[in-house]
Amino acid sequence: MDPSLDTWDFSSPLISLWINRFYIYLGFAFGISLWICFQIVIRKQLFIFKDKNSKEKSVPKATRDLMTNGYISLQKKDILVSGVKIFYGSQTGTAKGFAASLAEAVTSLGLPVAVINLQEYDPDDHLVEEVTSKNVCAFVVATYTDGRPTESAEWFCKWLEEASSDFRFGKTYLKGMRYAVFGLGNSAYANHFNKEEEPFESTSEEESGTEDHQNLNSVVDVEDLGKIMNCVKKEKREKEHQEEKSTLVRNAVKGEASERRAMITPALREALTKQGYQLIGSHSGVKLCRWTKSMLRGRGGCYKHTFYGIESHRCMETTPSLACANKCVFCWRHHTNPVGTEWRWKMDQPEMILKEAIENHQSMIKQFKGVPGVREDRFEEGMMVKHCALSLVGEPIMYPEINRFLKLLHECKISSFLVTNAQFPVEIRNLKPVTQLYVSVDASTKDSLKKIDRPLFKDFWQRFLNSLKALAAKQQRTVYRLTLVKAWNVDELQAYAELVTLGNPDFIEVKGVTYCGESSASSLTMANVPWHEEVVHFVRELVALIPNYEIACEHEHSNCLLIAHTRFKIDGEWWTWIDYNRFQELVQEYEDSGGLANFSAKDYVAKTPLWALFGASERGFDPKDTRYQRKNKSKDISGC
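Residues numbered from 1 in each chain as written. Predicted model: local features only at pLDDT ≥ 70, side-chain atom pairs only at ≥ 80, totals over all residues. Heavy atoms only, no water.

Draft legend 1. Expanded view of the overall build of the protein chain. Tallying secondary structure elements over the protein chain gives 21 helices and 19 strands in all. Within the span of the protein chain, comprising 640 residues, buried residues form 50% of the whole. Intrachain contacts of the protein chain at a sequence separation of at least 6 include 76% that bridge at least 24 residues. Element-wise, carbon and sulfur atoms account for 53% of the exposed surface of the protein chain, whose accessible area totals about 31,900 Å². (Helix = DSSP H or I, 4+ residues; strand = E, 2+ residues; numbered from the N terminus. Buried < 20%, exposed > 50% of the residue type's maximum accessible area, 1.4 Å probe, protein only. Contact = heavy atoms within 4.5 Å. Areas by Shrake-Rupley, 256 points an atom, 1.4 Å probe, with all protein chains shown as cover.)

The following block contains the structure:
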């Protein structure tokens, strides 16, 4: 064989010519390809720019704003879903509001949107349909009491939990379902913050199979939904903090330092103003009690008038702290106030709070001048505040300067009636003398207290017991306030008796719960309100279990009775009323002596009138006034 046939001779002139021409043609082809690619890119960019400008007017302004701020980018990706279903579980309306906002924002994507209340949705019949559909299911769920779901979402969550362990459904029952979960919660509930989002995630993953499950965060074509929701939340937060930012700017101009935010947000201000509050500074408020209005007209005073001699038309109902550590089911304020376990807001000075509280109270009293039925003598007296009920809303003992505030009250010759929810034992021990100190004893067992008061503190029961022990060490007048909620806490007599022994209060007020109307924040109905005869029966049974206590007074109109320690029964007569002038003398001596001149509850007692006693024909109504029966009256839930 000729070896030249198997070997290329690259030194040959002909071969070298072919190689040179090959490189020339290759370079020419590469140049043409590069030019074509360049033209395609330029044309594509021009098309996108033109398309963006042509569509800009068709996109809603809110959506364009989101795009401008970089939260979403609608034109850069295809939306590969047929629609969005937004499910919400709401208690007070927050989650429902977020669902509506999300629906409005998603509408800008050109997608059909359905908003569904989980309370009206049957997952057994319909949830599996979402697996084969091209819908994205967004769940907006709130965390409520003790980290549990809201009442409207309770059945849905229960179904998820049961289905996840039910072999009849299997692990792939919801395989391929696309969903998103947006959890809502209050950061004050540290142990249960946003906890209700977890069951949705873990249960759905277990049902669908971890590998095949399509969480929204991994579905590229619909991730805009999450960005929209985040933007909705951001806008709401910005609205809440708008007033706070303005305050910070003003303080910066004045050269003042203020890092903490105001307790009263714009939303809270709007809600409380509608309820008739006069708000003071950044965390306080005052409101006119309905019994103040009643006594101005000569139509009788509240149970404090019957039990202790308060002049209701001269009583100012206020609080230096709108925040509370509980969310009691019977709260008259429907939980519009903030919650917290410690003071984390900016703080106003007590001098300013008291000054504006009195001014606002007097301003509300002035509105009754010339009103038919208002007695002129009562009106003049009402302009001079003599009593202060620190029981409006919130937890007044949380206010860091509560002792200074009390001192200012006493310097103005105003008596002090302070109510605490028994979650701050240290503050109770450090509290200086008040005219009368109340502790709310809404239940006598750990489980029922958790159910009724819905406290934030994890160690709420120990705090409760320690508060009662701190009360026992007080020298001035102390009171247990028991609110009876039918079918909730009326069968715990022996446990109540043990708590009375623990705190040894001077008095025990037992009052039937007041129904405050339908509220999404509470499940109470009129069926939970005990009749007055039922309250009397409960009190009789309780007194039989606690030695040295007897029934002293009654205020039938308020469905309330007073149990008093027998040390206030002197020579067979009750002395439950208060000598307010004597108290002011004693508290002044206490202040002048630097706390050395202590005094006790018996040092400022006054004799109880016969009409106020239990069993009297007046049933606690002052005969100096005229009882007025209103026809077709609507329920007035104001007052203490």
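Picking up where we left off.
Draft legend 2. Representation of the packing of aromatic side chains within the structure. Taken as a whole and assessed by the stated rule, the structure comprises 18 aromatic pairs. Seen in terms of ring centroids, F424 and F457 are 5.6 Å apart; in terms of plane orientation they differ by 80°. Their pairing is edge-to-face. With F424 in the loop between β10 (415-420) and α16 (425-430) and F457 in the loop between α17 (446-453) and α18 (460-472), the pair connects residues that are 33 residues apart, well separated along the chain. You can call F424 buried: its relative accessible area is 5%. (Phe/Tyr/Trp six-rings, centres within 6.5 Å; stacked < 30°, edge-to-face > 60°.)

Draft legend 3. Quick look at the packing of helix α19 (residues 493-503) against helix α20 (residues 532-543). Where α19 meets α20, the closest approach of the two axes is 9 Å, and the angle between their N-to-C directions is 60°. Considering their axes alone, α19 and α20 lie oblique with respect to each other. Seen from above, α19 lies across α20 with right-handed handedness. Mapping the contact onto sequence places L493, Y496 and A497 in α19 and F538, E541 and L542 in α20. Of the residues belonging to the contact of α19 with α20, the class tally is 5 nonpolar, no polar and 1 charged. (Axes fitted to C-alpha atoms, helices over the stretch in contact; angles between N-to-C directions. Parallel < 35°, antiparallel > 145°, perpendicular 65-115°, else oblique. Left-handed = near helix turned anticlockwise from the far one by under 90°. Nonpolar A, V, L, I, M, F, W, Y, C, P; charged D, E, K, R; others polar.)

Draft legend 4. Representation of the confidence of the model for the protein chain in the model. Counting all residues, the mean pLDDT for the protein chain is 79, and 70% of those residues have values of 70 or more. Here residues 1-8 is a poorly scored stretch, pLDDT under 50, and it has 2 contacts once near neighbours within four places are set aside; other chains count. In the model, residues 66-77 has pLDDT below 50 throughout and makes 25 contacts with residues more than four positions away in sequence or in other chains. (pLDDT = per-residue confidence, 0-100.)

Draft legend 5. Region of interest: unusual backbone geometry. Unlike most non-glycine residues, R454 shows phi in positive territory, near 50°. Residue R454 is classed as buried on the basis of its relative accessible area, which comes to 10%. Residues other than glycine seldom take positive phi values, yet D571 does so here, at roughly 55°. Assignment of secondary structure puts D571 in the loop between β16 (569-570) and β17 (573-574).

Draft legend 6. Region of the structure containing the sheet that holds strand β6 (residues 278-280). Judged by pairing direction, the sheet is mixed, and its 10 strands sit side by side in the order β6-β7-β8-β9-β10-β11-β12-β13-β15-β14 without closing on themselves. Edge positions in the sheet fall to β6 and β14 (549-555), since each of these pairs with one other strand and no more. Each neighbouring strand pair of the sheet contributes to a mean axis angle of 25°, computed without reference to strand direction. Sheet topology note: the strand β13 (residues 507-512)/strand β15 (residues 560-565) ladder contains 5 bridges and is antiparallel. Paired with I508 across the strands is I563, a residue of β15. Set on the sheet, helix α15 (residues 402-411) makes contact with β9 (387-390) and β10; between it and β10 the angle comes to about 150°. Contacting β12 (477-484), β13, β14 and β15, α20 crosses the sheet at an angle of about 15° to β15. (Pairing = 2+ DSSP bridges.)

Draft legend 7. Region of interest: the side chain of E554. Residue placement: E554 occurs in strand β14. Judged by its relative accessible area of 2%, E554 falls in the buried class. Engagement of the side chain of E554 in a polar contact is seen with the side chain of R619, the distance being 3.0 Å. Not counting residues within four places of it along the chain, the set of residues in contact with E554 comprises T306, F307, H532, V536, C560, L561, A612, L613, F614, G615, R619 and G620. (Polar contact = N/O pair within 3.5 Å; in protein donor to acceptor, adjacent residues only side chain to side chain.)

Draft legend 8. Structural context of the pattern of salt bridges. This structure, assessed with the given rule, holds 19 salt bridges. Two residues, K355 and E359, come together in a salt bridge whose shortest N-O distance is 2.8 Å. Here E359 and K355 lie together in helix α13 (residues 350-366), a separation of 4 residues that amounts to about one turn. Residue K569 pairs with E550 through a salt bridge whose shortest N-O separation is 2.9 Å. Of the two residues, K569 is situated in strand β16 and E550 in strand β14; the sequence distance between them amounts to 19 residues. The exposure class of K569 is partly exposed, given its relative accessible area of 31%. By relative accessible area, which is 30% here, E550 ends up partly exposed. (Salt bridge = Lys/Arg side-chain N within 4 Å of Asp/Glu carboxyl O.)

Draft legend 9. Summary view of the pairing of strand β7 (residues 284-287). With burial as the criterion, each face of β7 is covered, one bearing S284 and V286 and the other bearing G285 and K287. Here β6 runs beside β7; their pairing, made up of 3 bridges, is antiparallel. Its bridge partner lying in β7, I280 is registered against S284. Between β6 and β7, which pair antiparallel and follow one another directly, the connecting turn spans 3 residues, one of which, G281, has a positive phi of 55°. Summarising the sheet, β7 and strand β8 (residues 315-319) pair through 3 bridges and their orientation is antiparallel. Bridge pairing in β8 places K287 opposite E317.

Draft legend 10. Expanded view of the state of the cysteines. A complete count under the given rule lists 0 disulfides for this structure. Free of any disulfide, C328 has its nearest cysteine sulfur in C324, 6.1 Å distant. (Disulfide = S-S within 2.5 Å.)

Draft legend 11. Fine view of the environment of V81. Residue placement: V81 occurs in the loop between α2 (61-68) and β1 (83-89). The class for V81 is buried, based on a relative accessible area of 9%. C-alpha of V81 to C-alpha of P112: the two residues are 31 residues apart in sequence and 9.8 Å apart in space.

Draft legend 12. Main features of the nonpolar core. Counting 82 residues, the largest nonpolar core has V441, F464, L482, I508, V510 and I563 as the members making the most contacts within it. When residues of this core are assigned to their parent elements, the largest contribution, 7 residues, is made by α18. Excluding anything up to four places from it in sequence, F464 contacts A422, Q423, S440, V441, A443, L449 and L499. Counting 29 residues, the second largest nonpolar core, distinct from the first, contains Y308, I310, F507 and A564. (Core = buried A, V, L, I, M, F, W, Y, C linked by side-chain atoms within 4.5 Å.)

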